[in-house]
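Results of the structural survey
In case you want the letters, here they are:
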Amino acid sequence: ARTVVGSQRRVSDAATAELMVAFYRAYIQEGQKAIALQSAMQSVRKNPDYVHPRYWAAFVVVGAET
């Protein structure tokens, strides 16, 4: 893989699922992985169950943008 989206620590499976769905939706619209991850984090953060950074802040994009 040229690019990996990963977590730097253990994260809730439910929060991760929500983040990844939001990430791929944003990536399809934006076409840029870093922007898509930022958008996904903001989306997950709006959910009252996942406001705390432990649910979304551990994720990073590593690798090529294209």
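Everything discussed here concerns the structure shown above.
Residues numbered from 1 in each chain as written. Predicted model: local features only at pLDDT ≥ 70, side-chain atom pairs only at ≥ 80, totals over all residues. Heavy atoms only, no water.

To continue, consider the nonpolar core. Ranked by internal contacts, the top residues of the largest apolar core, which has 16 residues, are Leu19, Leu37, Met41, Trp56 and Phe59. Residues contacting Leu19, with those up to four places away along its chain left out, are Leu37, Ala40, Met41, Val44, Trp56 and Phe59. (Core = buried A, V, L, I, M, F, W, Y, C linked by side-chain atoms within 4.5 Å. Buried < 20%, exposed > 50% of the residue type's maximum accessible area, 1.4 Å probe, protein only. Contact = heavy atoms within 4.5 Å.)

Let us now look at the environment of Glu30. Within the secondary structure, Glu30 is located in helix α1 (residues 13-30). You can call Glu30 partly exposed: its relative accessible area is 47%. Along the sequence, Glu30 and Asn47 sit 17 residues apart, while their C-alpha atoms lie 22 Å from each other. (Helix = DSSP H or I, 4+ residues; strand = E, 2+ residues; numbered from the N terminus.)

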